[in-house]
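Listed below, chain by chain, are the residues.
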Amino acid sequence: MLPPQNEWDDTAPDTEERLVGAVADGEDQAVEAALRPKDLDEFVGQEKVRLQLDLVLRAARQRGATADHVLLSGAPGLGKTTLSMIIAAEMGAPIRITSGPAIQHAGDLAAILSSLQEGEVLFLDEIHRMSRPAEEMLYMAMEDFRVDVIVGKGPGATAIPLELPPFTLVGATTRAGLLPPPLRDRFGFTGHMEFYEPSELERVIHRSARLLDVEIGEDGAAEIAGRSRGTPRIANRLLRRVRDYAQVEADGVITREVARKALAVYEVDARGLDRLDRAVLQALLKLFGGGPVGLSTLAVAVGEERETVEEVAEPFLVREGLLARTPRGRVATPAAWAHLGLVPPQGGAGGAAGKGQAGLFGA
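Residues numbered from 1 in each chain as written. Predicted model: local features only at pLDDT ≥ 70, side-chain atom pairs only at ≥ 80, totals over all residues. Heavy atoms only, no water.

> Looking at this structure, how should I read the environment of Ala-299?
If you trace the backbone, Ala-299 turns up in helix α12 (residues 295-302). Ala-299 sits 19 residues away from Val-280 along the chain, and the two C-alpha atoms are 7.9 Å apart. In this view, Ala-299 contacts Glu-304, Glu-305, Arg-306 and Val-309; residues no more than four positions away in its chain are not counted. (Helix = DSSP H or I, 4+ residues; strand = E, 2+ residues; numbered from the N terminus. Contact = heavy atoms within 4.5 Å.)

> Even after reading the chapter, I still don't get the packing of helix α4 (residues 106-114) against helix α5 (residues 132-144), so can you show me in this structure?
Any two packed helices are characterised by the angle at which their axes cross and by the distance between the axes. Two numbers describe how α4 lies on α5: the axes approach to 8 Å, and their chain directions differ by 35°. Across the interface between the two elements, Ala-106, Leu-109, Ala-110 and Leu-113 of α4 pack against Pro-133, Ala-134, Met-137, Leu-138 and Ala-141 of α5. In terms of residue class, the contact of α4 with α5 is built from 9 nonpolar, no polar and no charged. (Axes fitted to C-alpha atoms, helices over the stretch in contact; angles between N-to-C directions. Nonpolar A, V, L, I, M, F, W, Y, C, P; charged D, E, K, R; others polar.)

> How do you make sense of the pattern of salt bridges when you look at a structure like this?
A side chain with one charge may pair with a side chain of the opposite charge, provided their charged atoms come close. Considering all chains together, one arrives at 18 salt bridges under this definition. In this structure, Arg-61 and Glu-90 form a salt bridge, with 3.5 Å as the shortest nitrogen-oxygen distance. Note that Arg-61 is positioned in helix α2 (residues 47-63) and Glu-90 in helix α3 (residues 80-91), a separation of 29 residues in sequence. Glu-90 gets classed as partly exposed once you look at its relative accessible area, which sits at 22%. A single network of salt bridges, built from pairs that share partners, joins Glu-223, Arg-227, Arg-256 and Arg-260. (Salt bridge = Lys/Arg side-chain N within 4 Å of Asp/Glu carboxyl O. Buried < 20%, exposed > 50% of the residue type's maximum accessible area, 1.4 Å probe, protein only.)

> Before we go on, may I ask you to explain the pairing of strand β10 (residues 323-326) in this structure?
In regular strands, side chains alternate between the two faces of the sheet. Strand direction decides the pairing type here: β10 and strand β11 (residues 329-332), joined by 4 bridges, are antiparallel. Across the sheet, residue Thr-326 finds its bridge partner in β11, namely Gly-329. The antiparallel pairing of β10 with β11 creates a hairpin that spans 2 residues between the two strands. (Pairing = 2+ DSSP bridges.)

> I tried to follow the pairing of strand β3 (residues 121-125) on my own but got confused; where do I start?
Across the 5 residues that make up β3, a large majority, 5, are buried. Burial along β3 is two-sided: Val-121, Phe-123 and Asp-125 facing one way and Leu-122 and Leu-124 facing the other are all buried. Sheet topology note: the strand β2 (residues 95-99)/β3 ladder contains 5 bridges and is parallel. Directly across from Arg-96, in β3, lies its bridge partner Leu-122. Between the parallel elements β2 and β3, the chain passes through α4 in a crossover that is right-handed. In terms of strand pairing, β3 meets strand β6 (residues 168-173) through 4 bridges, oriented parallel. Across the sheet, Val-121 pairs through a bridge with Thr-168, a residue of β6. (Right-handed = clockwise from strand over helix to strand, strands pointing away.)

> Where do I start with the environment of Leu-71 in this structure?
Mapped onto the elements of the fold, Leu-71 is located in strand β1 (residues 70-73). Sequence-wise, Leu-71 and Ala-176 are 105 residues apart; in three dimensions their C-alpha atoms are separated by 8.9 Å. Excluding anything up to four places from it in sequence, Leu-71 contacts Ile-127, Gly-171, Thr-173, Leu-179, Arg-184, Phe-187, Phe-189, Thr-190 and Gly-191.

> Even after reading the chapter, I still don't get the packing of helix α8 (residues 218-225) against helix α10 (residues 256-265), so can you show me in this structure?
Look at α8 against α10: their axes get within 7 Å of each other, and the N-to-C directions meet at 30°. Classified by the angle between their axes, α8 and α10 sit roughly parallel to one another. The segment α8 lies against α10, with Asp-219, Gly-220, Ala-222, Glu-223 and Ile-224 engaging Arg-256, Ala-259 and Arg-260. By residue class, the composition of the contact of α8 with α10 is 3 nonpolar, 1 polar and 4 charged. (Parallel < 35°, antiparallel > 145°, perpendicular 65-115°, else oblique.)

> Can you help me understand α4 in this one?
For the α-helix, the turn length of 3.6 residues means that residues three or four positions removed from each other point alike. Of the positions making up α4, those classed as buried are Leu-109, Ala-110, Ile-112 and Leu-113. Down the axis of α4, the buried side of the element spans an arc of 165°, and every buried residue falls inside it. (Arc of directions from axis to C-beta.)

> How should unusual backbone geometry be read in this particular structure?
Most peptide bonds adopt trans geometry, and most residues besides glycine take a negative phi value. Even without glycine at this site, Gln-46 takes up a positive phi of about 50°. Mapped onto the elements of the fold, Gln-46 is located in the loop between α1 (26-35) and α2. The class of Gln-46 is buried, set by a relative accessible area of 7%. With a phi close to 50°, Phe-145 is a non-glycine residue in the positive phi region. Within the secondary structure layout, Phe-145 lies in the loop between α5 and β4 (146-151). Looking at Phe-145, the relative accessible area reads 22%, which means it is partly exposed.

Structure follows, in structure tokens:
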């Protein structure tokens, strides 16, 4: 059984048309391939991870050895795949890319490992979703560069040891807490990817604009960066949509005003909230007085599935301080009332609902 999803899970429900979704679709993957930085010097943001990783790779090159296994954790769209490719480039080694869900049997992993070249980088995305038998095989492969291949079944089964060439495993996960300790302990370096500051996203946007041959002003880049939810993938996606608007409705130059008009067309507001986010807040504020209200009731009011509200909309609203999850239900914060330009009822957010519950139970 797969683990439950959360705000950092690439498998969480997401609608294809959601411009601020952090999961990459086919178009995003094609564009990202062209926009990816090729080395650590080009990589923007994640200063601590970059510095630490640079030391690990330089030391490995000086020793003439393969780099230690690397674990990268963090939300989708922050650059885990890009860093894995940079690791391979910095080490002058080929890279093999696969994912945890694709490895459902130990034999699948054995086939991949046995075909690796010496020094090759194996990138394993969503490593926490790998099957348990494959996971246990990976322990020995990472530590001893050896796997035992089982031939036959029952009492006649035989374990044949298979020596592997030294390789570097780069594991990426959105849920590091789900990795068993024996697997986490075998990584020589662990880096946690943080959300980007607006100033860092502006640098990402300017670099992408140069590669896309788009003229953009400082104020235009700042406007897009402020609505990108701290995620380079979203920043690049918004840049492409604003570019389209500027090309059709303006003179092709992205200014603050052009960016505002373009993102208004796509319903992305000044804090990066889209239609679904605002629908959740409006239902919570206008229908339920700011809460507390149960998740299922809120989902029905919005006209979405419970999982969509919980896993797609809520994580960003909570991170922005617009919504709080409490034992009694979802509650809007004062910032939510201010963002939608509404006045909280007397007694603060949730006052009406709270009084109703108090009267019902006699508290």
